[in-house]
Amino acid sequence: MKRPMLFALCFLLGGILIGYYEKDTLLAVVLFLLCFIFAAVLLALQYGRQAAAPLCVFLLFALAGFVSVRFRLAPDAGLTGQAQKRGGDLRVLGRARDIGTTSTGRTRLTLEASGFADADTAWRDSARIFVYLEPGERALEGEWLIISGRLETLEHQRNPGAFDEFMYYKARKIQYKMFAKVLERGAVQPDILRTLSGRLGAVFDASLPEKEAGIAKAMFLGDRAGLGDDVKELYRMAGIYHILAISGLHISIIAMGLNKLLAALRGERFSGLVTMAFLIFYCALTGSGVATVRATCMCCLALMGGVLRRESDTLNSTAVACAGLLIYEPLYAWDIGFQYSFSAVFGLILLTPVVERALVRLPVRRFKKYFAGSFAATLATYPVMAHHFNYVLPYSVFINMLIIPTVTLVVIAGILTACVGLLSVNAAVFLSGILFVSFSIYEKVCEAVVALPFSSLLTGSLPTLGAALWCVLLAAFICAASGKKEAARSRNFRSQLKIPAVCGAVFIIYMLCVKIFVCPSVTMLDAGRGSCFVLRDSGAVFVFGAGSSGREAGGGPGAKVLVPYLDYIGVSYVDAAFVLGSDESQLLGILELIRLKKTGALFLPPELEGTGGLTGVLLAEAERRGIEVVRLKSGDATRAGRRLRTGRRLRTGSWELTCTLADSRLEILCEYGSLSLLLTDEADAKPCLNGNPLGVYNAADNGAVTIRVAGDGRVTIDAGTEP
């Protein structure tokens with residue numbers, strides 16, 4: 001059987017997905033058996049009796065995936081888990097790791113805890129806790145701390161498009177989070193790898209300006225603490241953010257360069273062994289990120305083939321690396337970095353030859369090679385980009401063609417600068433000139449690309465069915481275009497492309513239907529203590545309130561909750577925003593909204609007519625952006641563009657809105673047929689059908705709550721993650 005690890009990877013993924021999504025154990029077992037029988041029949045038809053032995057091994061992979069994900073999702077049953085359930089403050093002893101700062105300047109870190117104590121007992125236990133320290137408190141890497149606070153369980157995303165801290169931190173072996181204060185400080189325990197990484201980082205700090213040093217440390221050491229948010233956003237919107245992560249591009253350059261140098265001195269086997277040892281050391285030095293581990297595994301497998309005098313298979317090596325990471329941590333299957341890294345690699349392996357054959361008539365071979373690789377990676381990673389980031393970058397194919405060929409020189413210069421800088425800072429300053437010039441060119445190119453029209457297309461999150469259709473489209477394209485190069489020149493090749501053309505048409509029609517046929521809906525977002533509602537119908541989008549950030553560690557509710565949800569549904573223009581109350585966090589949320597989204601009109605209750613404080617900043621920002629501001633008076637109702645007398649109704653699509661003032665607060669009654677909702681600044685929407693309450697649905701209890709009205713008048717309510 002050729003490439004058995006591909007089949008093993010498919011079974012492993014199947015077991016992980018069934019174990020995660022099916023809560024009923026009996027039903028999960030039934031689904032598992034049905035999938036296994038289906039796969040067994042397919043393999044038997046393809047390989048006959050030869051498939052019996054491998055099938056048993058594949059079954060073990062599927063069982064391993066099923067059991068491992070169930071184990072990772074099981075709640076903590078030990079003393080630490082019981083203390084967390086009881087509540088109350090705990091004292092925790094541990095060592096500080098991965099220290100950084102939030103957008104508001106608070107220190108965040110990962111605490112490798114080894115001891116716990118409450119009011120009655122003390123016990124030893126190991127856990128990894130994500131900690132936010134109190135404002136003004138700092139910590140050192142490797143420092144022993146005793147902190148006090150309440151252990152909190154990691155939560156799934158409570159709003160569509162929001163950050164899922166449970167999946168993100170669980171995949172990094174972190175069990176809890178804590179808002180804590182430091183009680184005592186101990187000695188700083190040295191770590192050889194982290195000390196060396198710090199010294200190498202100090203070389204970049206000494207030889208480059210602050211911004212360029214942050215880029216260099218991210219690109220060569222995996223340290224993104226010094227990487228500014230503006231730099232991250234610029235590289236991300238230009239489509240080259242991947243060069244800031246230590247991935248296959250960096251590892252392959254280092255591996256090939258070192259292997260060829262050593263092979264010329266001592267032979268292939270010696271060079272292969274030394275290169276593998278160096279790659280493993282470099283992976284540990286840079287933090288062992290998902291992309292770094294994947295690239296290291298693949299390069300080591302390829303080098304091992306040379307050491308053993310056996311030819312390596314890139315596709316099988318990629319499957320081995322992917323399966324190994326999933327066995328180590330099954331929740332990597334939901335990690336953005338994992339998905340992006342492996343989808344790009346599989347795309348490069350499977351799609352690049354196909355694209356090259358489709359471009360066989362192009363005369364410039366070098367252009368065809370770079371374009372095919374960039375285009376293949378873009379096609380393969382589109383579902384990941386659209387699903388997680390809600391946008392696509394049309395020019396990323398071309399900018400990667402310009403940037404990637406130069407990365408080899410940059411990586412070599414960066415490694416030499418770091419190593420030479422340990423001996424002579426002056427020599428490092430001389431070598432770092434290549435980095436400074438390269439990073440400056442990258443910045444100019446990114447700024448030029450971002451300034452182009454349609455440099456970023458907001459698509460909204462790609463549904464699961466859409467991602468499946470896209471994968472079918474790619475599979476059809478690969479099958480149609482595979483074959484001999486001579487076939488690519490024939491008319492038969494063009495006729496074979498009819499199949500992927502039909503699949504592409506189906507995908508486009510599906511995406512248009514998703515965008516056009518939107519049911520009238522009101523979504524109540526979980527935005528802290530305050531209220532936040534989004535009304536949609538017939539292309540109109542209205543925002544009511546922006547919530548309250550409460551005890552969040554950084555950023556306001558607009559940037560953390562409201563704007564990500566609007567991106568998730570693919571909304572770039574808000575017809576009107578209503579400030580329901582006078583809470584400063586709500587004002588901050590609306591301010592963030594109008595800064596990040598085009599807004600047609602802004603409605604304020606009477607107590608916000610002044611021009612001081614945050615209200616003045618909000619009004620000044622609205623004026624600067626040309627947003628119409630309507631200051632309400634008692635007894636007014638309003639609509640975008642003009643005022644209406646009390647009792648008049650505002651029609652938006654199929655919804656009717658009645659806006660009134662009650663006790664200096666803005667209240668909006670939303671009506672659609674027999675459905676009515678009262679929106680207030682107390683996060684207390686009261687849905688009624690034919691005058692009868694539908695039940696109490698509070699976003700603070702359930703996560704985001706969406707009420708939809710179908711064409712036949714049926715009302716559906718989705719609360720949190722369960723409909």
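(A) Here's a closer look at the pattern of salt bridges. Counted by the stated rule, this structure contains 21 salt bridges. Between arginine 194 and glutamate 141 there is a salt bridge, and its shortest N-O distance comes to 3.0 Å. Residue arginine 194 is located in helix α6 (residues 192-207), and its partner glutamate 141 is located in the loop between β3 (122-133) and β4 (143-153); the two are separated by 53 residues in the primary sequence. Measuring nitrogen to oxygen at the nearest pair gives 3.1 Å for the salt bridge that ties lysine 217 to aspartate 205. Residue lysine 217 is located in helix α7 (residues 210-221), and its partner aspartate 205 is located in helix α6; the two are separated by 12 residues in the primary sequence. A single salt-bridge network, built from bridges that share partners, covers Arg95, Arg97, Asp98, Glu112, Arg128, Glu141, Asp191 and Arg194.

(B) Local environment of the environment of methionine 524. Structurally, the position occupied by methionine 524 is in strand β8 (residues 521-524). Since its relative accessible area comes to 4%, methionine 524 is described here as buried. Separated by 365 residues in the primary sequence, methionine 524 and asparagine 159 place their C-alpha atoms 9.2 Å from one another.

(C) Region of the structure containing helix α10 (residues 268-285). Spanning 18 residues, α10 covers 25 Å between terminal C-alpha atoms, matching the ideal 26 Å at 1.5 Å per step. Of the residues making up α10, those classed as buried are Ser271, Gly272, Thr275, Met276, Leu279, Tyr282, Cys283 and Leu285. Tucked into the core, α10 has its buried residues touching α6, α7, α9 (248-266), α11 (290-307) and α15 (396-421). Just past α10, the residue glycine 287 takes up positive phi, approximately 100 degrees.

(D) The arrangement of the nonpolar core in detail. In terms of nonpolar packing, the biggest core is built from 46 residues, with Leu326 and Phe338 touching the most fellow members. Of all elements in the fold, only α1 (4-21), α2 (25-47), α3 (52-73), β3, α5 (165-170), α11, α12 (314-328) and α13 (336-358) reach the threshold of two or more residues within this core. Core analysis: the second largest hydrophobic core is formed by 45 residues, Leu208, Tyr241, Leu244 and Cys299 among them.

(E) Fine view of helix α16 (residues 425-451). Between its terminal C-alpha atoms α16 stretches 37 Å, which fits the 39 Å expected from 27 residues at 1.5 Å a residue. Along its length, α16 reaches its greatest deviation from straightness, about 35 degrees, at leucine 431. Regarding α16, the residues found buried are Ala428, Ser432, Leu435, Ser438, Phe439, Tyr442, Glu443, Cys446 and Val449. Buried residues belonging to α16 abut α6, α7, α8 (229-238) and α15.

(F) Structural view of the pairing of strand β5 (residues 176-188). Pairing of β3 with β5 involves 5 bridges; the strand directions are parallel. Pairing of valine 131 across the sheet is with methionine 178, part of β5.

(G) View of the sheet that holds strand β2 (residues 107-117). Strand order in the closed barrel made by the 5 strands is β1-β2-β3-β5-β4, with mixed pairing throughout. Sheet twist, expressed as the mean angle between neighbouring strand axes with direction ignored, is 40 degrees. Here β4 runs beside β5; their pairing, made up of 10 bridges, is antiparallel. Within the sheet, the bridge partner assigned to glutamate 143 lies in β5 and is valine 188.

(H) Broad picture of the pairing of β8. Here β8 shows two buried faces, one formed by Ser521 and Thr523 and the other by Val522 and Met524. The pairing of β8 with strand β24 (residues 705-709) spans 4 bridges and is classified as antiparallel. Each residue of the ladder has a partner; that of serine 521, found in β24, is arginine 708.

(I) Quick look at the packing of α6 against α7. Between α6 and α7, whose axes approach to 9 Å, the crossing angle comes to 145 degrees. For the pair α6 and α7, the sense of crossing is right-handed. Contact with α6, carried on its side by Ser197, Leu200, Gly201, Phe204 and Asp205, involves Ala213, Ala216, Lys217, Phe220 and Leu221 of α7 and no other residues of that element. Residues of the contact of α6 with α7, tallied by class, amount to 6 nonpolar, 2 polar and 2 charged.

Scoring rules and cut-offs
Residues numbered from 1 in each chain as written. Predicted model: local features only at pLDDT ≥ 70, side-chain atom pairs only at ≥ 80, totals over all residues. Heavy atoms only, no water. Salt bridge = Lys/Arg side-chain N within 4 Å of Asp/Glu carboxyl O. Helix = DSSP H or I, 4+ residues; strand = E, 2+ residues; numbered from the N terminus. Buried < 20%, exposed > 50% of the residue type's maximum accessible area, 1.4 Å probe, protein only. Expected span 1.5 Å × (residues − 1). Contact = heavy atoms within 4.5 Å. Core = buried A, V, L, I, M, F, W, Y, C linked by side-chain atoms within 4.5 Å. Bend = angle between axes of the 7 residues up to and from the residue. Pairing = 2+ DSSP bridges. Axes fitted to C-alpha atoms, helices over the stretch in contact; angles between N-to-C directions. Left-handed = near helix turned anticlockwise from the far one by under 90°. Nonpolar A, V, L, I, M, F, W, Y, C, P; charged D, E, K, R; others polar.

Everything listed is a geometric property; what it means functionally is a separate question.
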